[in-house]
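What follows is each chain in one-letter form.
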Amino acid sequence: MTATVLRITAALATLATAAALTSVSAASAREDRPQYASVTGSARFTLPYVKDNDIRTFTFDAHAVPYSEPLPDVPTGLPTDARGTVKVSHYSAERDITYTEEGKVDCLVTSPHTATLTAVITKVSPGGPPDVGKRIGFSVYDGGSDAGHSKDRVGFSWNGVNLLPGKGAKSTPEAEVGTCMAPAPYAPVAKGGYTVHHADLLPPPAAAQPAR
């Protein structure tokens, strides 16, 4: 074997080794990189206990941003911190009007195929309820799809599921919604769908953990 062939063979072996190391390094980097939860999509749904001609739609674009919103007593923020937007659209057949609400996501927590999130309402169109500044909660079940028919479901923190009943009271007030609080996803999706990307909640940043 000539010296030239030996040099070419050695060079090819070096390149192969470098490529293999690069591949392993890239795979390791992907495994080490934190995975973050998200809920995205838009869907029209029906209420199983109400038969009407209203059109109700929720649109979510929510993404976990752990430990990004410091609190007075939790300077690191929380593992459930999140950002993004929600949009509520409701056509009332009785009033013949469509109103919309937009909110800023402040919390998100998931498990496989399911999620709860909350958002603070920032904008309401004319004809809508006086919800600006109010936190509302949502739940999502991502059931995948079957021959084009969605098995997804949603739930939300109003319409009779977040009340404070009391004996002798003249009215039944609605409870305040805390972060990431929502009922089970009880309303089946009729059109559209959601994607829940699950990720476990992360531990606090290393700098915030107590020294041993």
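Residues numbered from 1 in each chain as written. Predicted model: local features only at pLDDT ≥ 70, side-chain atom pairs only at ≥ 80, totals over all residues. Heavy atoms only, no water.

**Focus: the pattern of salt bridges**
(1) Moving on: Scanning the model with the defined rule gives six salt bridges in all.
(2) Moving on: A salt bridge links Arg-135 to Asp-106; its shortest N-O distance comes to 2.8 Å. Linking Arg-135 in strand β6 (residues 135-141) with Asp-106 in strand β4 (residues 97-111), this pair joins segments that are 29 residues apart in sequence.
(3) Moving on: Take Arg-135: its relative accessible area is 25%, and that puts it in the partly exposed class. (Salt bridge = Lys/Arg side-chain N within 4 Å of Asp/Glu carboxyl O. Helix = DSSP H or I, 4+ residues; strand = E, 2+ residues; numbered from the N terminus. Buried < 20%, exposed > 50% of the residue type's maximum accessible area, 1.4 Å probe, protein only.)

**A short note on the sheet that holds strand β1 (residues 38-45)**
(1) Moving on: With antiparallel pairing, the eight strands of this closed barrel are ordered in space as β1-β2-β3-β4-β5-β6-β9-β10. Averaged over all neighbouring strand pairs, the angle between strand axes comes to 30°, with direction disregarded.
(2) Moving on: Relative to strand β9 (residues 153-156), β6 is paired through four bridges, and the arrangement is antiparallel. Bridging across to β9, Val-140 finds its partner in Val-154. (Pairing = 2+ DSSP bridges. Axes fitted to C-alpha atoms, helices over the stretch in contact; angles between N-to-C directions.)

**Re the side chain of His-90**
(1) Moving on: One can find His-90 in strand β3 (residues 82-92).
(2) Moving on: For His-90, the side chain forms a polar contact with the side chain of Asp-54, separated by 2.9 Å.
(3) Moving on: Contact partners of His-90, with chain neighbours within four places excluded, come to Asp-54, Ile-55, Arg-56, Ile-97, Thr-98 and Tyr-99. (Polar contact = N/O pair within 3.5 Å; in protein donor to acceptor, adjacent residues only side chain to side chain. Contact = heavy atoms within 4.5 Å.)

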